[in-house]
Number of protein chains: 2
Amino acid sequence: MTATRLVLAAGTTRTAAIDGLSAAGADSDLLAHTPAADAEIVEYGSPVRAPAVPQSPTGCLTPAVVTRAVRDRVDLPVTAVDAGLAEPTGAPTVTVGARPGDDIRESDPVPTAPGAMTAARQFGEALPDDEILLAETVPGGTTTALGVLRALGEAGAVSSSLPENPIERKREVVAEGLAASALEPGDAADQPRRAVRRMGDPVLAVATGVALGALRSDTAVTLAGGTQMAAVAALLRHAGVEQRLPLSTTSYVADDESADLAATAERFDLDLTVTDPGFGDADHPAMARYAAGEAKEGVGMGGALALADRAGVPMAEVRERVAALAEELTDDSNEDEL
Amino acid sequence: MTATRLVLAAGTTRTAAIDGLSAAGADSDLLAHTPAADAEIVEYGSPVRAPAVPQSPTGCLTPAVVTRAVRDRVDLPVTAVDAGLAEPTGAPTVTVGARPGDDIRESDPVPTAPGAMTAARQFGEALPDDEILLAETVPGGTTTALGVLRALGEAGAVSSSLPENPIERKREVVAEGLAASALEPGDAADQPRRAVRRMGDPVLAVATGVALGALRSDTAVTLAGGTQMAAVAALLRHAGVEQRLPLSTTSYVADDESADLAATAERFDLDLTVTDPGFGDADHPAMARYAAGEAKEGVGMGGALALADRAGVPMAEVRERVAALAEELTDDSNEDEL
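**Q** Explanation requested: the overall build of chain A in the structure shown.
**A** Of regular secondary structure, chain A possesses 14 helices and 7 strands. Taking 20 Å as the expected radius of gyration for a compact globule of 338 residues, we find that chain A reaches 18 Å, a close match to that expectation. On the principal axes, the C-alpha backbone points of chain A span a range of 50 × 45 × 35 Å. For chain A, buried positions account for 62% of its 338 residues. Considering only contacts in chain A between residues 6 or more positions apart, those separated by 24 or more positions represent 79%. Accessible area for chain A stands at about 11900 Å²; split by element, carbon and sulfur atoms hold 45% of it.

Written out as structure tokens, the structure is:
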């Protein structure tokens, strides 16, 4: 018997550098460090090699802080997988051959996707755990998730780390990407590797691979995240996985009308668990931004919250720990500011 | 406040392939997998990507099993550092630029040592922990430890994973290595980088670097191991570290007269903690081999035992857990045998 393990696929896509798509980093220089910093915060409680704590332009702290806060209260071993990191990380990572993804408006943005998916599947199959929470950190990842859904011929929408989802901009980028790959929507139906390679990002490839492997060896898999993890569910369906799958997310994603997660869950046979951390009741700037609709999810936040709930940890205690961590982290990042 | 963290430098040296030096793997094909397998066992409780549980030709299980058994009873987060692994591992690892070490009878066996030591120092300095246990896994590592001691001009001896220490063979190999590097004993005094590069292995480089960095940022460092970690202490002294250092090892190393650890501890100002896991009282083959003088130490075993002791976990409970893990692991490895 082993505890539940958080498996975090951390990587990058140059799609994130397109103006107006992502809030996962205060500026584009720091954006490339975001997944490395997230992995470090989940692992150690603070950045180690990364230069700063990821935050949005308005100062909303990365959801890695929430996941770490839960890890400070509940036994949750974490294994990060290098799913195309662009910067070195002080977090230990498993290597599966993924490289940073290119802008999906290129013709072959993720050439490492098929190989990484295979290596990740072997890794997932070998994991001895009874249960994993599968999570992601990849700035720009909702746009690539939308790209993959379209390549597969699926109609679902995606959420956003911004309070106002720039969904029209995402659709334009996806349309340009499909054209660059000479694909019509649905041309990659039942071809998950092709869909990720042409329209996705390396994190989707790795997460899909880990899930395929884990399911094959009877490890229970909970997709811990929002519409990006729903895109992983879509990839799993197009890979032939038929069993119902749990998706564990935050109330912020579930309440995002632009994303329509309920319809996506219905389409892909997902058992939704929605956890509200009650950040609206917290008188703390780190949480107030979430209550205002920023960030919403990522780095396994929704899955971690559900695990805390299952373990009987009151949300008030989680909020208290988030506030304390946020204080520590913003003090540190001020000190270390360049 | 954070818990104590185990930092495990895992790597290889082709010195291990010299006949008769190491017991850390039943045959030389599997020897290259030993550090990867050890890291996986400490992380997950069983091998993941590695093909087998490391064991000596007589069936003595790797000390990774003991360290993992302690982790099943005491909170001990682990971070493995890739200190020159020769095979892919399913354990997450931090990258510091180390590559597998060559046979010390070559002229420049560890060209990555200086760079890896620097990157490891930066990593160690950034670690937010209050305390780390610093440990190693590298087959053939006592021979490279002896090589480094001689290059530094130190007289100390080293222990062995074999019941009969092939110390004369080690001295011959070291003499050949010094000749190949055109070094006399002591020529690398006060030059730890040079000593490791010419006569050591990448694990010594990484462990020394992590310790230097951690000490610089006031993280307490316990050297968790036997004579290899004592060689790290020697490297730290020759790097100018003056504070007393704790070294936490097993009674099997302390009782090894060929190693004379007490003299080494005296020479390098080490506070010795020796823990006896009482394997002689255990009626189990996995532990009986230790009581007969095999393996003795490694993968942080002595430090983990001391931590269990400090946390009030009775050694009988540790032994019980070692026995259970050993059963699981030998069942699995039989199943998966090629």
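Now that the structure is up, let's keep going.
**Q** Looking at this structure, I do not really get the pattern of salt bridges. What am I missing?
**A** Opposite charge on two side chains permits pairing when their charged atoms draw close. Evaluation of the coordinates by the stated rule reveals 36 salt bridges over all chains. The shortest N-O distance in the salt bridge between arginine 321 of chain A and aspartate 72 of chain A comes to 2.9 Å. You can see arginine 321 of chain A sitting in helix α14 (residues 315–335) and its partner aspartate 72 of chain A sitting in the loop between α3 (64–71) and β2 (78–83), a full 249 residues away along the chain. Using a relative accessible area of 18% as the deciding quantity, one classes arginine 321 of chain A as buried. Of the residues examined, aspartate 72 of chain A reaches a relative accessible area of 24% and is grouped as partly exposed. The partner of arginine 244 of chain B in a salt bridge is aspartate 269 of chain B, with the nearest N and O atoms 3.1 Å apart. One end of the pair, arginine 244 of chain B, is in the loop between α9 (227–238) and β6 (245–250); the other, aspartate 269 of chain B, is in the loop between α11 (261–267) and β7 (270–275), and 25 residues separate them in sequence. Since its relative accessible area comes to 35%, aspartate 269 of chain B is described here as partly exposed. Beyond isolated ion pairs, a larger network of salt bridges with shared partners links Arg68, Asp72, Arg321 and Glu328 of chain A.

**Q** How do you make sense of the pairing of β6 of chain B when you look at a structure like this?
**A** In summary, the side chains of a regular strand alternate between the two faces of the sheet. Residues and elements named next belong to chain B. A large share of β6 lies buried, amounting to 5 of its 6 residues. Bridging between strand β5 (residues 220–224) and β6 involves 2 bridges; their strand directions are parallel. Residue pairing in the sheet places leucine 223 in a bridge with leucine 247 of β6. This β-α-β element, β5 to α9 to β6, shows right-handed connectivity.

**Q** Hey, could you run me through the interface of chain A and chain B in this one?
**A** In many analyses, interface size is given as the accessible surface area lost on bringing the parts together. Each partner contributes residues to the interface: chain A has 22 residues there, and chain B has 22 residues. Viewed at the interface, chain B and chain A are joined by 2 salt bridges. Put simply, arginine 5 of chain B and glutamate 43 of chain A hold a salt bridge, and the shortest N to O gap is 3.4 Å. Inspection of the chain A/chain B interface yields 5 residue pairs in polar contact (both at pLDDT 80 or more). Put simply, the parts of the chain that give the side of chain A that touches chain B at least two residues each are α2 (34–44), β2, β3 (93–98) and α4 (113–126) of chain A. With 4 residues, β3 of chain A is the largest single contributor of residues to the side of chain A that touches chain B. When its residues are assigned to classes, the side of chain A that touches chain B shows 13 nonpolar, 6 polar and 3 charged.

**Q** Looking at this structure, how should I read the side chain of histidine 238 of chain B?
**A** If you trace the backbone, histidine 238 of chain B turns up in helix α9. Here the side chain of histidine 238 of chain B touches glutamate 154 of chain B through a polar contact of 2.8 Å, side chain to side chain.

**Q** Mind showing me how you'd approach the packing of helix α5 (residues 141–152) of chain A against helix α6 (residues 167–180) of chain A here?
**A** Axes are the key here: two packed helices are described by the angle between their axes and the distance separating the axes. Residues and elements named next belong to chain A. Running from amino to carboxyl end, α5 crosses α6 at an angle of 55 degrees, the nearest separation of the two axes being 9 Å. Judged by the inter-axis angle, α5 sits oblique to α6. Two packed elements cross with a definite hand, and for α5 against α6 that hand is right-handed. From α5, Thr142, Thr143, Leu146, Gly147, Arg150 and Ala151 reach across to α6, where they touch Ile167, Lys170, Arg171, Val173, Val174 and Leu178. Split into classes, the residues belonging to the contact of α5 with α6 amount to 6 nonpolar, 3 polar and 3 charged.

About the cut-offs
Residues numbered from 1 in each chain as written. Chains lettered and ligands numbered in written order. Predicted model: local features only at pLDDT ≥ 70, side-chain atom pairs only at ≥ 80, totals over all residues. Heavy atoms only, no water. Helix = DSSP H or I, 4+ residues; strand = E, 2+ residues; numbered from the N terminus. Rg over C-alpha atoms; globule rule 2.2 N^0.38 Å. Buried < 20%, exposed > 50% of the residue type's maximum accessible area, 1.4 Å probe, protein only. Contact = heavy atoms within 4.5 Å. Areas by Shrake-Rupley, 256 points an atom, 1.4 Å probe, with all protein chains shown as cover. Salt bridge = Lys/Arg side-chain N within 4 Å of Asp/Glu carboxyl O. Pairing = 2+ DSSP bridges. Right-handed = clockwise from strand over helix to strand, strands pointing away. Polar contact = N/O pair within 3.5 Å; in protein donor to acceptor, adjacent residues only side chain to side chain. Nonpolar A, V, L, I, M, F, W, Y, C, P; charged D, E, K, R; others polar. Axes fitted to C-alpha atoms, helices over the stretch in contact; angles between N-to-C directions. Parallel < 35°, antiparallel > 145°, perpendicular 65-115°, else oblique. Left-handed = near helix turned anticlockwise from the far one by under 90°.

These results come straight from atomic positions and should not be treated as a statement about function.
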